[in-house]
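# Topology and contacts: notes
These are the residues of each chain, in order.
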Amino acid sequence: MLIHYYMIPECSYLKDQNYILAPMGTAEGLLRQYDFQQNENGFWYKIPNHQEYEAIMKGWPNYDITFSFDQKPFYKLNSEQPVKFPENPEFQEKSPIANVICIIDLLLLFFAFLFLIALDDDVFLLPAIGLIILSFILTIIIRLRYPENLFGKILFGIDILILICFILAIIEVIIECIQCFNSC
Amino acid sequence: MIEINTDYQFIPPYPIMIILSLITGILMMYFLNRKNQIQKNVAGYLCMLAPMMSLFFGLLLTYITSGGQYFGLSSLGGLIGMYSAVLIMALISPQTGTLRIMMKNCTLVLPLIYSISKIGCLSAGCCRGISYHGAFCIHYTGIETEPAFVFPVQLTETLVFLIIFLMGLILEKKHQHPVWIVFIFSASAKFLLDFLRESHANQILSFTQILCLVLILIGFFLYFKNRKSKAQT
């Protein structure tokens, strides 16, 4: 849900804390004019008054709401969803949790390739694909939770390449073993 | 009578149809998810995860049921993979309340994926029907497959599942919430059409049919549970 708060467009709403959160880069003077306060991470927020809160709840979570001086709150169906308190982009990039997940992700990929290359046996094909999928799921978690993390971005690039190779390999297997597919 | 020679000089149509079915289904699922306000990145990541998990579970189920003898693509394994991908994405998505929407959209597109993939089976001669010499029978020739006159079960499956998919879309457009109807119809069609397959010979119920029966029971259970909760509200 987005809140266009008078002269400050595209604010977010944090339902758990009941905060209107101003977008990054909004002029400080304007924020102070509308009684926004700054937290320790540098984000500007404001607790809505009773009328504003009721108007927000009326549109939560599927409608964007516009507050203006000359008319009643205006609602528009949105595609955005409830947001959590965002972490500082700098913190996201260096987040220790994200880095630990990335290392586990990389280890999974390493073992998957070990299965594929070092062990020349069909039995290890499925565990290798399983490990690649697990690694891919971890990469998605990093991309969704820590979108600014550089390690995560690199891993995502690697995963895209693996996905392309995976699909090509499956096509090759199907072409080579077409007579094996007796029942699907 | 339909003549099909399974000796293809270049790329056989089977892998092309499997990949095409996945691409069509996944794109359809992406558009339905976006239409239902699922975030762009969540819908996009699901498109990448779903084919991987679908193919993985498709291979895994055949490997398990054959006792580790051979690899193959199982459609029911593919179904388990698709639902698993949706479940995982719903769990890790920051967006709330996505599971029901993504499960519904996945159920709507599954008959389409199956319908297209069966054209591949028809061209390759796999999943063929019982011996049959009547109208529309298929005469397979070629070195890859044994020559035979068989019932066009793959064509029947293509048509039946295409109808189920279109029915689902029409009901969805009319806001009739068709998810359980599509699910139960799909499982029932798969169960019944399996009787017409060559692989079903000398069996009372095949493993696929047992799995289908389980899916039908789950479908009915969830349908009545859903109806009861709606009636209460």
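Residues numbered from 1 in each chain as written. Chains lettered and ligands numbered in written order. Predicted model: local features only at pLDDT ≥ 70, side-chain atom pairs only at ≥ 80, totals over all residues.

So, about the overall build of chain A. The helix and strand inventory of chain A stands at 6 helices and 7 strands. In sequence order, chain A lays out its α and β elements as β-β-β-α-β-β-α-β-β-α-α-α-α. Evaluated residue by residue, chain A yields a buried proportion of 26% over its 184 residues. Sequence-distant contacts, at least 24 apart, represent 47% of the contacts inside chain A between residues at least 6 apart. (Helix = DSSP H or I, 4+ residues; strand = E, 2+ residues; numbered from the N terminus. Buried ≥ 20, exposed ≤ 12 C-beta atoms within 10 Å, placed from the backbone. Contact = placed C-beta atoms within 7 Å.)

The next subject is the overall build of chain B. Assigned secondary structure in chain B consists of 7 helices and 3 strands. Ordering the α and β elements of chain B from the N terminus gives β-α-α-α-α-β-β-α-α-α. The C-alpha atoms of chain B give a radius of gyration of 19 Å, which matches the 17 Å a tight globule of 233 residues would have. Expressed as lengths along the three principal axes of its C-alpha atoms, the size of chain B is roughly 55 × 35 × 35 Å. In chain B, which comprises 233 residues, the share counted as buried stands at 45%. If you take every contact in chain B between residues at least 6 apart in sequence, the share linking residues at least 24 apart comes to 67%. (Rg over C-alpha atoms; globule rule 2.2 N^0.38 Å.)

The strands making up a sheet are joined through hydrogen bonds of the backbone, oriented either antiparallel or parallel. All names here are of chain B. In space, the 3 strands of this open sheet follow the order 1-2-3, with mixed pairing throughout. Each having just a single partner strand, strand 1 (2-5) and strand 3 (148-150) make up the two edges of the open sheet. Put simply, the sheet's adjacent strands are angled 25° from each other on average, direction ignored. Where strand 1 lies against strand 2 (residues 138-141), 4 bridges are found, and the strand directions are parallel. Note on strand 2: the bridge partner recorded for I2 is I138. (Pairing = 2+ DSSP bridges. Axes fitted to C-alpha atoms, helices over the stretch in contact; angles between N-to-C directions.)

A few words now on unusual backbone geometry. Of note, the phi angle at E10(A) is positive, near 60°, even though the residue is not glycine. When you line up the elements, E10(A) lands in strand 2 (residues 8-14). Phi is positive for F136(B), close to 60°, though the residue is something other than glycine. Here F136(B) is to be found in the loop between helix 4 (98-124) and strand 2.

What follows covers the packing of helix 1 (residues 13-35) of chain B against helix 2 (residues 40-65) of chain B. Residue and element names in this part refer to chain B. At a minimum axis distance of 10 Å, the contact between helix 1 and helix 2 shows a crossing angle of 155°. Considering the angle they form, helix 1 stands roughly antiparallel to helix 2. Considering how the two elements wind past one another, helix 1 and helix 2 form a crossing that is right-handed. Contacts between helix 1 and helix 2 involve L22, I26, Y30, N33 and R34 on the former and, on the latter, K40, A43, C47, A50, P51 and S54. Tallied by class, the residues present in the contact of helix 1 with helix 2 amount to 7 nonpolar, 2 polar and 2 charged. (Parallel < 35°, antiparallel > 145°, perpendicular 65-115°, else oblique. Left-handed = near helix turned anticlockwise from the far one by under 90°. Nonpolar A, V, L, I, M, F, W, Y, C, P; charged D, E, K, R; others polar.)

Topologically, Y83(B) is positioned in helix 3 (residues 75-92). Through-space distance from the C-alpha of Y83(B) to that of L46(B) is 11 Å; in sequence the pair is 37 residues apart.

Residues and elements named next belong to chain A. The pairing of strand 1 (residues 2-5) with strand 2 spans 3 bridges and is classified as antiparallel. Directly across from I3, in strand 2, lies its bridge partner C11. If you look at the hairpin formed by strand 1 and strand 2, you'll find 2 residues sitting between the two strands, and Y6 has a positive phi there, around 50°. Of the pairings in the sheet, the one linking strand 2 to strand 3 (residues 19-21) comprises 3 bridges and is antiparallel in character. By the bridge assignment, Y13 is partnered in strand 3 with I20.

Moving on, we come to the packing of helix 1 of chain B against helix 4 of chain B. Residue and element names in this part refer to chain B. As a packed pair, helix 1 and helix 4 sit with axes 8 Å apart at the nearest point and diverge in direction by 165°. Taken together, helix 1 and helix 4 sit at an angle that is classed as roughly antiparallel. Note on packing geometry: the crossing formed by helix 1 with helix 4 is right-handed. A class-by-class count of the residues in the contact of helix 1 with helix 4 yields 19 nonpolar, 8 polar and no charged.

Once that is clear, we can look at the nonpolar core. Grouped together as the largest cluster of nonpolar side chains are 82 residues, with contacts concentrated most on L46(B), L49(B), A85(B) and M89(B). Counting 15 residues, the second-largest nonpolar core is a separate cluster that includes Y13(A), L21(A), I56(A) and I65(A). (Core = buried A, V, L, I, M, F, W, Y, C linked by C-beta atoms within 7 Å.)

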